[in-house]
Amino acid sequence: MMWHQLLLLLAGVFAIVVAQDANPDADDGSDYLRREHSLVKPYTGTGMDIPLWDFGGSTVVSNDYIRLTPDRQSKQGHLWNHVPNNMRHWEVRISFMVHGSGRTLYGDGMAFWYTKDRMQFGPVFGNQDHFSGLGIFLDTYSNFDGDHAHLHPYISGMVNNGTQKYDHDHDGTHGQLDGCSVSFRNGDYQSHISISYYMGTLSVYTRVGTETDWKSCLNVQGITLPTGYHFGFSAATGDLADNHDIIMVKTYELFPSGDHDKDAEVNMDGVLPSATHQEAPREHVETAKPTRKSTFAVYLFVLIAILVLGLAGVGFWYYKKQQEKARKRFF
């Protein structure tokens, strides 16, 4: 019994240590800026090329930001680091802005990627579906009013080995690791997100506007990510739109202290991405779309209602006129 309690205590202490090490506020100098995976102003070198980065689609580079999509409908843009990552433990800090003219309706959102394939357009915030690796999604529009109760904007994460489909119609909750609601849209300020992978734990922290402290969004253990994948970003608009801007990217290599990283010599190239804990994928059920018959029935109902109300108004007016004539005859 005592051994069981001691093991539980040690496991709890280890989890706390890992969480503290992954917290951006717990900067003890044991990290190293990797410039080949970072992006700061001025972005461009000679011409309009960005050294070590590729971009495409609707992406536009300016002096102050890299805009993945403009505030216009049906746009997709991406930005990818073309240097493969060889770090076992890393943290990426991104400064960004999502803003537009929409007050109540806007979308769709943007994503951070650490994946095997790069520069592939698709339906998942401008990137391909059935990806292999990690996706962190900054979703600004709720596509589904079902069994999730979170508010938007919503940040969530997903680890995929290429076999799962991201269910965009249900906001990706059919397979997410975890998530949180963060009001990062349409402020007169930059927002910041920290994404770290450290000793099998994925941590996401946010800092919005004038906030000085990082707030935990998700912290999930049991994650396996290989080396050799690429960092990237993408964004998409549909019927709704927003500007999705990347301001700065800083990537750090994290170094475990003491004997934490005993398997440091293990080759992580070619390892399949996996997560021991995430919401089980559910069968995709298409939302019923209105047919021509149902649409015609709605229009017919509205037309009949208007006619009934109109006839009722005419009848009431005629009744009032008759009443006034009767009173005149009486006097």
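Residues numbered from 1 in each chain as written. Predicted model: local features only at pLDDT ≥ 70, side-chain atom pairs only at ≥ 80, totals over all residues. Heavy atoms only, no water.

1. Digging into the confidence of the model for the chain
Here is the rule we go by: As a per-residue measure, pLDDT tells how confident the predictor is, with possible values from 0 to 100. By definition in these notes, contact holds between two residues if any of their heavy atoms fall within 4.5 Å.
Taken residue by residue, the chain gives an average pLDDT of 82. The fraction at 70 or more is 75%. In the predicted structure, residues 284-295 sits below a pLDDT of 50 and forms 6 contacts with residues beyond four places in sequence or in another chain.

2. Considerations on the sheet that holds strand β15 (residues 230-236)
Selection criterion: Two strands are counted as paired when DSSP detects at least two bridges linking them. Each helix is a run of H or I in the DSSP string that is no shorter than four residues. Each strand is a run of E no shorter than two, and both are numbered from the N terminus. Axis definition: a line fit to C-alpha positions, over the contact stretch in the case of helices; interaxial angles, taken between N-to-C directions, run 0 to 180 degrees.
Spatial strand order, β2-β5-β15-β7-β8-β9-β10: 7 strands in an open sheet with antiparallel pairing. Edge positions in the sheet fall to β2 (53-57) and β10 (179-181), since each of these pairs with one other strand and no more. Strand-to-strand twist of the sheet, defined as the mean angle between neighbouring strand axes without regard to direction, takes the value 15 degrees. Summarising the sheet, strand β9 (residues 154-161) and β10 pair through 3 bridges and their orientation is antiparallel. Residue pairing across strands places Ile 155 opposite Cys 180, the latter belonging to β10.

3. Notes on the pairing of β15
The cut-off we apply is this: Relative accessibility thresholds used throughout: buried, under 20% of the residue-type maximum; exposed, over 50%; partly exposed, between the two (1.4 Å probe, protein chains only).
Taking burial as the measure, the 7 residues of β15 include 7 buried ones, the bulk of the element. Burial along β15 is two-sided: the face carrying His 230, Gly 232, Ser 234 and Ala 236 and the face carrying Phe 231, Phe 233 and Ala 235 are both buried. The pairing of strand β5 (residues 76-81) with β15 spans 5 bridges and is antiparallel. Counted as the bridge partner of Gln 76 is Ala 236 from β15. Bridge count between strand β7 (residues 109-115) and β15: 7 bridges; the pairing is antiparallel. Bridging from a neighbouring strand, Trp 113 pairs with Gly 232 of β15.

4. Here we look at the nonpolar core
Side chains that are nonpolar tend, in soluble globular proteins, to be buried together. Spelled out, the test is: Only buried residues count toward a nonpolar core, which is a set of Ala, Val, Leu, Ile, Met, Phe, Trp, Tyr and Cys residues joined through side-chain atoms within 4.5 Å.
Judged by nonpolar contacts, the single largest core of 44 residues is most densely connected at Trp 90, Phe 112, Ile 136 and Ile 155. Examining the composition of this core, we find that 5 residues originate from one element, strand β6 (residues 90-99), more than from any other. For Phe 112, the residues in contact, after removing those within four places along its chain, are Trp 90, Val 92, Ile 94, Leu 134, Gly 135, Ile 136, Ile 195, Phe 231, Gly 232 and Phe 233. In this structure, Ala 111, Phe 137, Met 158 and Tyr 166 belong to the second largest nonpolar core, which totals 9 residues.

5. Quick notes on a nonpolar patch on the surface
Here is the rule: Distance thresholds for patches are 9 Å for like charges and 5 Å for nonpolar side chains (Val, Leu, Ile, Met, Phe, Trp, Tyr), applied to residues having over 30% relative accessible area and no salt bridge. Per-residue and other accessible areas follow the Shrake-Rupley method at a 1.4 Å probe size, with only the shown protein chains counted as cover for residues. In what follows, salt bridge is the name for a side-chain nitrogen of Lys or Arg lying within 4 Å of a carboxyl oxygen of Asp or Glu.
A surface patch of nonpolar side chains, amounting to about 450 Å² of accessible area, comprises Leu 300, Leu 303, Ile 304, Leu 307 and Val 308. Within the secondary structure, Val 308 sits in helix α2 (residues 292-330).

6. Brief notes about the packing of aromatic side chains
The criterion, for reference: Paired rings are identified among Phe, Tyr and Trp, the last through its six-membered ring, by centres lying within 6.5 Å, and are further divided according to the angle between planes into stacked (under 30 degrees), edge-to-face (over 60) and tilted (the rest). Whether a charge lies above a ring is judged from NZ of Lys or CZ of Arg, which has to be within 6 Å of the ring centre and within 35 degrees of the ring normal.
The final tally for this structure, using the stated rule, is 16 aromatic pairs. On the numbers, 5.1 Å between centres and 80 degrees between planes, the contact of Trp 90 with Phe 231 is edge-to-face. With Trp 90 in strand β6 and Phe 231 in strand β15, the pair connects residues that are 141 residues apart, well separated along the chain. Of the two residues examined, Trp 90 and Phe 231, each falls in the buried class. Taken together through their ring pairs, the aromatic side chains of Trp 53, Trp 90, Phe 112, Tyr 114, Tyr 197, Tyr 229, Phe 231 and Phe 233 make up a single cluster. One Lys or Arg, Arg 185, reaches over the ring of Tyr 106 and ends 3.5 Å from the middle of that ring.

7. A word on empty space enclosed by the protein
Our working definition: Method remark: on a 1 Å grid restricted to protein atoms, a set of points is classed as a cavity if a 1.4 Å probe fits but cannot get out and as a pocket if it is open with protein on both sides within 12 Å along at least five of seven lines; lining residues have an atom within 4 Å of a point. Grid points are joined across faces, edges and corners, and a volume is the space filled by probe spheres set on the points. Under the scheme applied here, ten amino acids are nonpolar (Ala, Val, Leu, Ile, Met, Phe, Trp, Tyr, Cys and Pro), four are charged (Asp, Glu, Lys and Arg), and all others, including Gly, are polar.
Applying the stated criterion across every chain yields a total of 2 cavities of 30 Å³ or more. Space inside the largest cavity adds up to approximately 50 Å³. Around the largest cavity, the lining residues are Ile 94, Phe 96, Met 110, Ala 111, Phe 112, Leu 138, Ile 193, Phe 233 and Ile 246. Mapped by element, the contributors of at least two residues to the lining of the largest cavity are β6 and β7. A total of 3 residues in the lining of the largest cavity trace back to one element, the largest contributor, which is β7. For the lining of the largest cavity, the residue count by class is 9 nonpolar, no polar and no charged. If you add up the space inside the second largest cavity, you get close to 30 Å³. Of all elements in the fold, only β11 (191-198) and β12 (201-208) reach the threshold of two or more residues within the lining of the second largest cavity. Of the residues assigned to the lining of the second largest cavity, the class counts are 6 nonpolar, 3 polar and no charged.

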